[in-house]
Amino acid sequence: MYFLAAEGGESTHNPIIPLWQEIVVGSVAFAVLCFVLMKFVFPRMEQTFQARVDAIEGGIKRAEAAQAEANQLLEQYRAQLAEARTDAAKIRDDARADAEGIRQDVLAKAREESDRIIAAGKDQLAAERATIVRELRTEVGTIAVDLASKIVGESLADEARRKGTVDRFLSGLESTGAR
Amino acid sequence: MFGQANVLAAGQAAFPPTVEDFYLPSILPWGAHESYWFTKITAMVWIAVGVLIIFFLASYRNPQLVPTKKQWFAESIYGFVRNNIAVDMIGHAGVRFAPYFTTLFCFVLLTNSFAIIPFFQISPNSHIAFPAVLAIISYVLFNYIGIKQHGFVKYFKNSLIPPAPWYILPLLIPIELFSTFIVRPFSLAVRLFANMFAGHMLLLVFTLGGFAMLSANAWLAPVSVLSWVMTIALTFLEFLVIVLQAYVFTVLTASYVQGALAEEH
């Protein structure tokens, strides 16, 4: 300390030399200030800043999560839709195949039926033809013999010979027709 | 000329102002000249501390995510020092020093401001004791941080030995030692003290000069008015100095801490 007692009880001060009392007061006062502000105020501000950052980043994160969920749902729906489409196509194909099968069945049955009917018709025709041929053969024989009798003027007495002649004639006719 | 006691008694202007104008009589005991425990200066320091504590506690009693006006103001002071001084100077590691820097900045700014606030009208920082305390804290802080970060030997090696050719080192090491470990606290304290001291002295010169001229000769009255106009102009200048010195003190402290934390010289 550099105190010079001046005349009249006044002291001269050197402004470069600190007063130790003021150093004490300054230290204590500033320590109190530091203690209160650095313990109770600024850490809480830092917390608030952090909370604010979290709030903003959390909002962004939540939005991202919602977006991701929406995308996932969309994918799911798309997959389901594709699946449904595949199912529908399969069902359509099956139905088409069934219809084809049924058509083939019906067609086959119809063909069979028609074949059957045709065969029956043919049989009947053949039977009728045989009957007609048989009747005609008798009738033609009689007519021919009658005609011949009229032309020749005499009855062919010998039944056995007459029958053999007619048969031979007809066989000749048939073999000519068949040729 | 005028004696100090004579002036105080007569209420006349003492001109020119002297260093003694910075050492006001004590408040308790009233009027004592050699008692420094409770003077206008120390009272102002306590008022500054009280105002800052009350302001910050009141505005941050119930912090909201969406701040009120008061909370926003308190936050922007902290945010300014945190982002524009601590983080800018030191980087991300500076955040942990932001509370101290903000306290320092607020304290210096408010005690400086007393220089131009009516009825206070003198800054406690025009007494070197207070800048000295703050400078010593900064000095201890940056050395402590450096030693804690690097260890004693490496810290002093980092600080004292610049990356220079060996033959220049005998010159550089004493300079580094002198500038880093001896001059720094003095320059820090004296810069703030001298600015506030000179500012107060200037205002005194122009204010008291006006009175001195007026009482010397009535014809000098227009010059007295000019002198007082100058006082007002200088008060604005003083405002600039007040803010700037508070900022400079904090920035330099941050810069010293940054230097202590840095890996290389």
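Residues numbered from 1 in each chain as written. Chains lettered and ligands numbered in written order. Predicted model: local features only at pLDDT ≥ 70, side-chain atom pairs only at ≥ 80, totals over all residues.

Visitor: Could you give an account of the overall build of chain B, with specific residues and numbers?
Guide: Secondary structure summary: chain B contains 8 helices and 0 strands in total. Ordered by position in the sequence, the α and β elements of chain B form the string α-α-α-α-α-α-α-α. The dimensions of chain B, computed from C-alpha atoms along their principal axes, are 70 × 60 × 40 Å. For chain B, buried positions account for 36% of its 265 residues. Considering only contacts within chain B whose residues lie at least 6 apart along the sequence, 61% involve residues at least 24 apart. (Helix = DSSP H or I, 4+ residues; strand = E, 2+ residues; numbered from the N terminus. Buried ≥ 20, exposed ≤ 12 C-beta atoms within 10 Å, placed from the backbone. Contact = placed C-beta atoms within 7 Å.)

Visitor: Residues and numbers for the confidence of the model for chain A, please.
Guide: Residues and elements named next belong to chain A. The predicted model of chain A averages 85 in pLDDT, with 87% of residues at 70 or higher. Per-element mean pLDDT across chain A ranges from 38 in strand S1 (residues 4–5) up to 91 in helix H1 (residues 20–152). In this model residues 1–10 is a low-confidence stretch, pLDDT under 50, and it forms 14 contacts with partners more than four residues away in sequence or in other chains. (pLDDT = per-residue confidence, 0-100.)

Visitor: Explain helix H2 (residues 40–59) of chain B to me, using residue names and the numbers behind them.
Guide: Compared with an ideal rise of 1.5 Å per residue, which puts 20 residues at 28 Å, H2 of chain B spans 28 Å between its outermost C-alpha atoms and is within 8% of the ideal. Among the residues making up H2 of chain B, those that are buried are Ile 41, Thr 42, Met 44, Val 45, Ala 48, Val 49, Leu 52, Phe 56 and Ser 59 of chain B. Taken end-on, H2 of chain B shows its buried residues confined to a sector of 165°, consistent with a single buried face. Residues of H2 of chain B that are exposed and angled more than 90 degrees away from the buried face: Val 51, Ile 54 and Ala 58 of chain B. Residues of H2 of chain B that are buried sit in contact with H1 of chain A together with helix H3 (69–90), helix H4 (98–113) and helix H5 (129–150) of chain B. (Expected span 1.5 Å × (residues − 1). Arc of directions from axis to C-beta.)

Visitor: Break down the interface of chain B and chain A for me, with residues and values.
Guide: With 38 residues of chain B in contact, the opposing surface of chain A contributes 33 residues. Of all the secondary-structure elements, those providing two or more residues to the side of chain B that touches chain A are helix H1 (4–10), H2, H3, H4 and H5 of chain B.

Visitor: Could you give an account of the packing of H3 of chain B against helix H8 (residues 221–261) of chain B, with specific residues and numbers?
Guide: All names here are of chain B. Where H3 contacts H8, the axes come no closer than 8 Å and their chain directions differ by 35°. Two packed elements cross with a definite hand, and for H3 against H8 that hand is right-handed. Across the interface between the two elements, Val 81, Ile 85, Ala 86, Met 89 and Ile 90 from H3 touch Thr 250, Val 251, Ala 254, Ser 255, Val 257, Gln 258 and Leu 261 from H8. Grouping the amino acids of the contact of H3 with H8 by side-chain chemistry returns 9 nonpolar, 3 polar and no charged. (Axes fitted to C-alpha atoms, helices over the stretch in contact; angles between N-to-C directions. Left-handed = near helix turned anticlockwise from the far one by under 90°. Nonpolar A, V, L, I, M, F, W, Y, C, P; charged D, E, K, R; others polar.)

Visitor: How would you summarise the nonpolar core if you had to cite specific residues and measurements?
Guide: One finds Leu 52, Ala 86, Phe 101 and Phe 107 of chain B to be the most contacted residues of the largest nonpolar core, which totals 61 residues. When residues of this core are traced back to their parent elements, those giving at least two are H1 of chain A together with H2, H3, H4, H5, helix H7 (169–216) and H8 of chain B. Looking at which element gives the most residues to this core, the answer is H4 of chain B, with 9 residues. Residues contacting Leu 52 of chain B, with those up to four places away along its chain left out, are Leu 33 and Leu 37 of chain A together with Cys 106, Phe 107 and Leu 110 of chain B. (Core = buried A, V, L, I, M, F, W, Y, C linked by C-beta atoms within 7 Å.)

Visitor: Just give me the short version of the packing of H4 of chain B against H8 of chain B, but keep the residues and values in it.
Guide: All names here are of chain B. Packing of H4 against H8 leaves a shortest axis separation of 9 Å and a crossing angle of 155°. Taken together, the axes of H4 and H8 are roughly antiparallel relative to one another. For H4 against H8, the interelement crossing comes out right-handed. Here Phe 101, Leu 104, Phe 105, Val 108, Leu 109, Asn 112 and Ser 113 of H4 lie close against H8, whose contacting residues are Ile 242, Val 243, Gln 245, Ala 246, Phe 249, Thr 250, Thr 253 and Ala 254. Here the residues of the contact of H4 with H8 are counted per class, giving 10 nonpolar, 5 polar and no charged. (Parallel < 35°, antiparallel > 145°, perpendicular 65-115°, else oblique.)

Visitor: Just give me the short version of the environment of Ala 63 of chain A, but keep the residues and values in it.
Guide: Secondary-structure assignment places Ala 63 of chain A in helix H1. C-beta crowding within 10 Å serves as the criterion here: with 10 such atoms nearby, Ala 63 of chain A is assigned to the exposed category.

Visitor: Describe in detail H1 of chain A, supporting the description with residues and values.
Guide: Owing to its 3.6 residues per turn, the α-helix aligns residues three or four sequence positions apart on the same side. Compared with the 198 Å implied by 1.5 Å per residue over 133 residues, the 188 Å span of H1 of chain A between its first and last C-alpha is a close match. The axis of H1 of chain A is deflected most strongly, by about 40°, at Met 38 of chain A. A small share of H1 of chain A lies buried, amounting to 10 of its 133 residues. Among all positions of H1 of chain A, only Glu 22, Val 25, Gly 26, Ala 29, Phe 30, Leu 33, Leu 37, Val 41, Phe 42 and Met 45 of chain A are buried. Tucked inside the fold, the buried residues of H1 of chain A contact H2, H3, H4 and H5 of chain B. (Bend = angle between axes of the 7 residues up to and from the residue.)

Visitor: I'd like to hear about the environment of Phe 249 of chain B, residue by residue, with values.
Guide: Residues and elements named next belong to chain B. Tracing the sequence through the fold places Phe 249 in helix H8. Using a count of 27 C-beta atoms within 10 Å as the deciding quantity, one classes Phe 249 as buried. For the pair formed by Phe 249 and Phe 120, sequence separation is 129 residues and the distance between their alpha carbons is 22 Å. Among all residues touching Phe 249, those that are not within four sequence positions of it are Leu 104, Val 108, Leu 134, Leu 188 and Leu 192.

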